[in-house]
Amino acid sequence: MAFSMAIALSFAFLQLAAAHFTVEYPYWRGSSFVEGASQWIFPCANVSETTNRTVWSTTGGSLRLHVGHHWALTYVNLGLGNNVTNFNISLVDHFNQTGNGTFCLKETGKAQLAAGLGLAGYDAKSIEGINATLQVIQISTTGAALYNCADITFNATAALLADSECTNSTGVGGIGILNADQTGNATATSTASAGASASSTGAAAALRIPAFEGVVAAVVGFGIALV
Ligand SMILES: [Cu+2]
């Protein structure tokens, strides 16, 4: 009995864990599903900085997540240096990441990175070779935040993921967040532009998200453009 109970419990845990998210690229610091780590813990799930850094483009590199929630308000932040505690550069405007499976941004923060680096006294040239950490935050149904981090080194020649490696799963995308008093007829915005093409193809239909009553959101280009 105790044995089957243990199996039942571990299965329940796996299901819970499966509902969190994984940073697949740049490779995360390490699994935040192992004992001692927890995605509930700010700022990086209690996973220590790694020396196994991924080189990442100085104009915004690729970010691929495997996500397990139906929706999650999502943030991608950058902290410069080693042993980062201040993730003060926002690479994407917060957005609702919808669907579960693979979610990928090919050129994360292409529009925001230069300004963020500028505030820190860097530019795309002087950031070369500098270490930094990406922090990805997802806030889902309960309102609690989940954290994961990936350590990078900026490199002007770092490759982006190929389109074939950076394709959203069917039904997975991102929706920009608008003020609650805006109507459902709001037009598509580029708020969550993450370096993808500015094309708003397919963004004609504004969506109301059932689980997020009161907030009206418009489909933005990137979720679609990256497919
Ligand atoms: Cu979860």
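The preceding data block contains the structure.
The present account deals with the structure reproduced in this document. All values reported here derive from a predicted model rather than from experimental measurement. (Residues numbered from 1 in each chain as written. Predicted model: local features only at pLDDT ≥ 70, side-chain atom pairs only at ≥ 80, totals over all residues. Heavy atoms only, no water.)

### Focus on the nonpolar core
Okay, step 1: The biggest cluster of nonpolar side chains holds 30 residues, and the ones touching the most others in it are Val23, Leu65, Leu78, Leu91 and Phe154.
Okay, step 2: Contributions of two or more residues to this core are made by β1 (21-25), β3 (63-67), β4 (71-80), β7 (101-105), α2 (113-119), β8 (131-139) and β9 (145-154).
Okay, step 3: By residue number, the principal contributor to this core is β9, which donates 4 residues.
Okay, step 4: In this view, leucine 91 contacts Trp56, Val76, Leu78, Thr108, Gly109, Gln112, Leu113 and Leu134; residues no more than four positions away in its chain are not counted. (Core = buried A, V, L, I, M, F, W, Y, C linked by side-chain atoms within 4.5 Å. Buried < 20%, exposed > 50% of the residue type's maximum accessible area, 1.4 Å probe, protein only. Helix = DSSP H or I, 4+ residues; strand = E, 2+ residues; numbered from the N terminus. Contact = heavy atoms within 4.5 Å.)

### Focus: the sheet that holds β7
Okay, step 1: Judged by pairing direction, the sheet is antiparallel, and its 3 strands sit side by side in the order β1-β3-β7 without closing on themselves. Every other strand in the sheet has two partners, leaving β1 and β7 as the edge strands with one partner each. When strand polarity is set aside, the average angle formed by the axes of neighbouring strands in this sheet is 25 degrees.
Okay, step 2: In this sheet, β3 lies alongside β1 in antiparallel orientation, the contact comprising 4 bridges. (Pairing = 2+ DSSP bridges. Axes fitted to C-alpha atoms, helices over the stretch in contact; angles between N-to-C directions.)

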